[in-house]
Amino acid sequence: MQRPRPTRTNSSIVAVASASMAVVVSLAGCGVIGLGEGDDKASASARPSALPHIDCAKKAQVAGSGSSAQQNVMKYWMKQYQQACPGVQLAYNPLGSGAGAAQFLRGATAFGGSDSALKPSEAHKAPGVCPGGRVINLPMVGGPIAIGYNLPGVDDLVLDAPTLAKIFDSRISSWDDPEIQELNPGTELPSIPVRPLHRSDDSGTTQNLQAYLAGAAPEVWPYEAEKSWQGRGGGSASGTSGVASEVNSAFGTIGYVELSFAESKDIRTVRIDTGAAEPVAPTPQTASAGIAAAQVIGKGKDLTLKFRHDLSADGAYPISLVTYELVCDKGNQPATLPALKSFLTYTAGDEGQRLLSEIHYAPLPKSVAVQVRQVVRELS
């Protein structure tokens, strides 16, 4: 018997005062970045398009959820897109990669956001979500996973993969440990406890960090690169924003956050000793250099990337991620497909990628962006 097709539904988006501003609203009881049709809809429609080359879809509601690492860039993209296309209502719920993938796979959203590619085995758990097709991963934005810390009097801190692995596995317990001191000659490190923090929710950011530790320090980090935290001990918080807030709240803390959160909360970040001429700081430029070394390993329209975690090239930051948008290659809902394709064409296009470094994200390598746009055109 044929399984009933999951129904993708978009909960109503709460109206806001201006159609050109991103706000946090409530969708199904959860915090959602949304842009609604407010009282000045007419004036929004009359404004000159911020994206003169975009092919706007007709009126539609498109909901997505997932990665909190792309929360800030989604807010930017949605604001820019809806200035040009006020007939399309967009909402994005930054629940985390695991929850976002789960919502997409049960047909609750038009797309999911994940900081790690969905494996075929995971997609097969919901065979009816893409009738006649399959779930594919489309890389959309990159960025460094910044290691944020809170140490009094320490403005510059260098760590390497083995030391990070021991810190996050609770095997280095004091900040004046000889292994840390050796990497920071001349720095007066305080004799206070190390308080490592990790994500409590299933997270693609967590998976990418653990993949780096396993790839760059396999003799020290024996765990699998899962979305759930595998190391021993330490504190936890939900979402990137939760970890960032915890790092800011107490001395001795160290955690992993997306760079835009570190910048917005004025969190100091670690430079990574990769064996290159100089330790590498997390920036959009150094992340792009690291992402450029990745290879597309997905099959067909799937554009999953494989990173080199042992990268030691000058100026290439080794702990980066790419956020994927999860969509169906075939079997997308007809009511949302035109708007979905229009929005993703913008985000992967020159207009969507051009200013990402200004908000602390890394644009896709051009060769990858071209492939993404081609796949989006063929979605059905």
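Structure report, in brief.

Basis of the calculations
Residues numbered from 1 in each chain as written. Predicted model: local features only at pLDDT ≥ 70, side-chain atom pairs only at ≥ 80, totals over all residues. Heavy atoms only, no water. Helix = DSSP H or I, 4+ residues; strand = E, 2+ residues; numbered from the N terminus. Buried < 20%, exposed > 50% of the residue type's maximum accessible area, 1.4 Å probe, protein only. Contact = heavy atoms within 4.5 Å. Areas by Shrake-Rupley, 256 points an atom, 1.4 Å probe, with all protein chains shown as cover. Axes fitted to C-alpha atoms, helices over the stretch in contact; angles between N-to-C directions. Parallel < 35°, antiparallel > 145°, perpendicular 65-115°, else oblique. Nonpolar A, V, L, I, M, F, W, Y, C, P; charged D, E, K, R; others polar. Salt bridge = Lys/Arg side-chain N within 4 Å of Asp/Glu carboxyl O. Disulfide = S-S within 2.5 Å. Pairing = 2+ DSSP bridges. Core = buried A, V, L, I, M, F, W, Y, C linked by side-chain atoms within 4.5 Å. Polar contact = N/O pair within 3.5 Å; in protein donor to acceptor, adjacent residues only side chain to side chain.

### Observations concerning the overall build of the protein
Stage number 1. Looking only at helices and strands, one finds 13 helices and 15 strands in the protein.
Stage number 2. Out of the 380 residues belonging to the protein, those deemed buried represent 56%.
Stage number 3. Here the analysis covers contacts within the protein between residues at least 6 apart in sequence; of these, 74% occur between residues at least 24 apart.
Stage number 4. Counting every atom, the protein has about 15500 Å² of accessible surface; 50% of that belongs to carbon and sulfur.

### Topic: the packing of helix α11 (residues 337–348) against helix α13 (residues 366–377)
Stage number 1. Where α11 contacts α13, the axes come no closer than 9 Å and their chain directions differ by 170°. Put simply, α11 runs roughly antiparallel to α13. Taken together, the residues of α13 that come into contact with α11 (itself represented by K341, L344, T345 and A348) are A369, V372, R373, V376 and R377.
Stage number 2. Tallied by class, the residues present in the contact of α11 with α13 amount to 5 nonpolar, 1 polar and 3 charged.

### Regarding the pattern of salt bridges
Stage number 1. Per the counting criterion, the structure on display carries 9 salt bridges.
Stage number 2. R268 serves as the salt-bridge partner of D155, at 2.9 Å between the closest nitrogen and oxygen. Of this pair, D155 sits in the loop between β6 (135–149) and β7 (158–160) while R268 sits in strand β11 (residues 268–269), placing them 113 residues apart in sequence.
Stage number 3. Across the pair E351 and R354 runs a salt bridge, and its minimum N-O distance is 3.5 Å.

### Digging into the state of the cysteines
Stage number 1. Tallied over the full model, the rule gives 2 disulfides.
Stage number 2. A disulfide bridge connects C56 with C85, and the sulfur atoms are separated by 1.9 Å. With the S-S dihedral at roughly -75°, the linkage between C56 and C85 falls on the left-handed side. With C56 in the loop between α1 (41–46) and β3 (60–66) and C85 in the loop between α2 (71–84) and β4 (88–93), this pair connects stretches of sequence that are 29 residues apart.
Stage number 3. Bridging C130 to C328, the disulfide has an S-S length of 2.0 Å. Linking C130 and C328, the disulfide has an S-S dihedral of approximately -75° and is accordingly described as left-handed. Note that C130 is positioned in the loop between α4 (120–123) and β6 and C328 in strand β15 (residues 320–328), a separation of 198 residues in sequence. The same class applies to C130 as to C328, namely buried.
Stage number 4. Here the cysteine-cysteine linkages of the protein are recorded as 1-2, 3-4, numbering only bonded cysteines and doing so in sequence order.

### Observations concerning the pairing of β6
Stage number 1. Most of β6 sits out of view: 15 of its 15 residues are buried.
Stage number 2. Both β6 and β15 contribute to a ladder of 9 bridges, which runs antiparallel. Bridge pairing in β15 places L138 opposite E325.
Stage number 3. Examined bridge by bridge, β6 and strand β10 (residues 253–258) share 5 bridges and lie antiparallel to one another. Looking across to β10, one finds that Y149 is bridged to I254.

### A few points about the nonpolar core
Stage number 1. Ranked by size, the top nonpolar core spans 59 residues in total, and within it W77, V135, F343 and V372 carry the most contacts.
Stage number 2. Excluding residues within four positions of it along the chain, V372 makes contact with L138, P139, M140, L303, A348 and L364.
Stage number 3. With 32 residues, the next largest nonpolar core counts V154, W175, V220 and I272 among its residues.

### Re the environment of Q371
Stage number 1. Mapped onto the fold, Q371 is located in helix α13.
Stage number 2. For the pair Q371 and K301, spaced 70 residues apart in sequence, the C-alpha to C-alpha distance is 8.9 Å.
Stage number 3. Separated by 3.4 Å, the side chain of Q371 and the backbone oxygen of S367 make a polar contact.

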